[in-house]
Amino acid sequence: MGDKKPKIKICFIARGLTKGGVQRFILNLLREFENYNDYIFYVLTDRQDFLNKFKKLNVIYIKSENKLFWDYIKSPIVINKIKPDWIIYPKNIIPFIHIFLSARKINMICDLAYFKKDINAYKFSDTFYMRLFMKLSCLIADKVVAISGFTKND
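In this numbering scheme, every chain counts its residues from 1 along its sequence in written order. In keeping with the model being predicted, local features are shown solely for residues with a pLDDT of at least 70 and side-chain atom pairs are shown and tallied solely at 80 or more, while totals for entire chains, interfaces and linings include all residues. As a rule here, side-chain values come from all non-hydrogen atoms in the structure, and water together with hydrogens is ignored.

### Points about the overall build of the protein
Looking only at helices and strands, the protein features four helices and six strands. In this text, helices come from DSSP runs of H or I with a minimum length of four residues, and strands from runs of E with a minimum of two, each type numbered from the N-terminal end. Secondary structure elements in the protein, listed N-terminal to C-terminal, are β-α-β-β-α-β-β-α-β-α. Atoms counted for the radius of gyration: C-alpha only. Globule rule: 2.2 Å times the number of residues to the power 0.38. Expected size for 154 residues packed as a compact globule is a radius of gyration near 15 Å; at 16 Å, the protein falls within 12% of this value. With respect to the three principal axes, the spread of C-alpha positions in the protein is 60 × 35 × 30 Å.

Right, dumping it as structure tokens:
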């Protein structure tokens, strides 16, 4: 009898994507995921335009005006319903409450500009949040991935 192995469920967090290199990287990565048939991909997003962007990915639009409410209240509820094997966080941070989710976690580090005092590229509140939670996110992640050799060296 054909014992069919269940497909691995992967949840991908795509919240707060702004124009630029990180968004391009994430969109290209998601397009690549459409080529993998041994997995079931769920994309959790706050962008309605993602609903018709991918043919083979399960896109779940979660509406929220507040990013902390999205990260700490709404997305964990949806993730608990999906029961994924893995969750991919492509923007440096795993929301702390997600430590209680049973899925294994991959934290993707895009860049470490938040830690470079001479750059000053971000608002103080964003810099403070990222400095605090990026380190913690790397500690609670099952895997940490740097998206480039430059970021890995940093």
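### Focus on the sheet that holds strand β3 (residues 58-61)
If DSSP finds at least two bridges between two strands, the strands pair. Spatially, six strands are ordered β3-β2-β1-β4-β5-β6 in an open sheet, and the strand pairing comes out parallel. Two strands in the sheet have a free side with no partner beyond their single neighbour: β3 and β6 (143-146). Neighbouring strand axes in the sheet, compared pairwise and without regard to direction, differ in orientation by 20° on average. Here strand β1 (residues 8-14) pairs with strand β2 (residues 39-45) via seven bridges, running parallel. Within β2, the residue paired with Lys9 across the bridge is Ile40. In this fold helix α3 (residues 124-140) packs onto β5 (104-109) and β6, with an angle of close to 140° to the strand it touches most, β5. Lines fitted to C-alpha atoms define the axes here, with helix axes fitted over just the stretch in contact, and angles between the N-to-C directions of these axes take values from 0 to 180 degrees. Note on contacts: a residue pair qualifies if any of its non-hydrogen atoms lie within 4.5 Å across the two residues.

### A few points about the confidence of the model for the protein
Confidence of the prediction at every residue is given by pLDDT, a number between 0 and 100. Per-residue confidence for the protein gives a mean pLDDT of 87; residues scoring 70 or more make up 94%. Least confident of the elements in the protein is helix α4 (residues 149-153), whose mean pLDDT is 73; most confident is strand β4 (residues 86-89), at 97.

### Focus: the packing of helix α2 (residues 67-82) against α3
Where α2 meets α3, the closest approach of the two axes is 14 Å, and the angle between their N-to-C directions is 25°. Relative to α3, α2 is oriented roughly parallel. Across the interface between the two elements, Lys67, Leu68, Asp71 and Tyr72 of α2 pack against Asp126, Tyr129 and Phe133 of α3. Partitioning the contact of α2 with α3 into residue classes produces four nonpolar, no polar and three charged. Comment on the angle field: the value is read as roughly parallel under 35 degrees, roughly antiparallel over 145, roughly perpendicular from 65 to 115, and oblique elsewhere. Each residue receives one of three labels: charged for Asp, Glu, Lys and Arg, nonpolar for Ala, Val, Leu, Ile, Met, Phe, Trp, Tyr, Cys and Pro, and polar for the others, Gly being one of them.

### Regarding the side chain of Ser64
Mapped onto the secondary structure, Ser64 falls in the loop between β3 and α2. Whenever two N or O atoms come within 3.5 Å, that pair is a polar contact, provided that in protein one can donate a hydrogen and the other can accept it, and provided that, for residues adjacent in sequence, both atoms are side-chain atoms. Among the polar contacts listed, one links the side chain of Ser64 to the backbone oxygen of Asn66, at a separation of 3.1 Å.

### Details of the pattern of salt bridges
Between Lys or Arg on one side and Asp or Glu on the other, a salt bridge is scored when a side-chain nitrogen of the former is within 4 Å of a carboxyl oxygen of the latter. Evaluation of the coordinates by the stated rule reveals four salt bridges. Across the salt bridge formed by Asp49 and Lys53, the nearest N and O atoms sit 4.0 Å from each other. Across the salt bridge formed by Asp142 and Arg104, the nearest N and O atoms sit 3.8 Å from each other. Taken as a pair, Asp142 in the loop between α3 and β6 and Arg104 in strand β5 lie far apart in primary sequence, 38 residues in all. Here the salt bridges do not stand alone but share partners, grouping Arg47, Asp49 and Lys53 into one network.

### Concerning the nonpolar core
Note on terminology: a nonpolar core comprises buried Ala, Val, Leu, Ile, Met, Phe, Trp, Tyr and Cys residues joined through side-chain atoms within 4.5 Å. Think of it in three bands: with a 1.4 Å probe and only protein chains considered, a residue is buried below 20% of the maximum accessible area for its type, exposed above 50%, and partly exposed in between. Membership of the largest hydrophobic core comes to 18 residues, with the highest contact counts inside it found for Leu30 and Phe50. Mapped onto this core, the elements with two or more residues apiece are β1, α1 (21-33), β2, β4 and β5. Discounting residues that sit within four places of it in the chain, Phe50 has contacts with Ala14, Leu17, Leu27, Leu30, Val43, Thr45 and Val59. Membership of the second largest hydrophobic core comes to 16 residues, among which are Tyr42, Ile62, Ile87 and Ala103.

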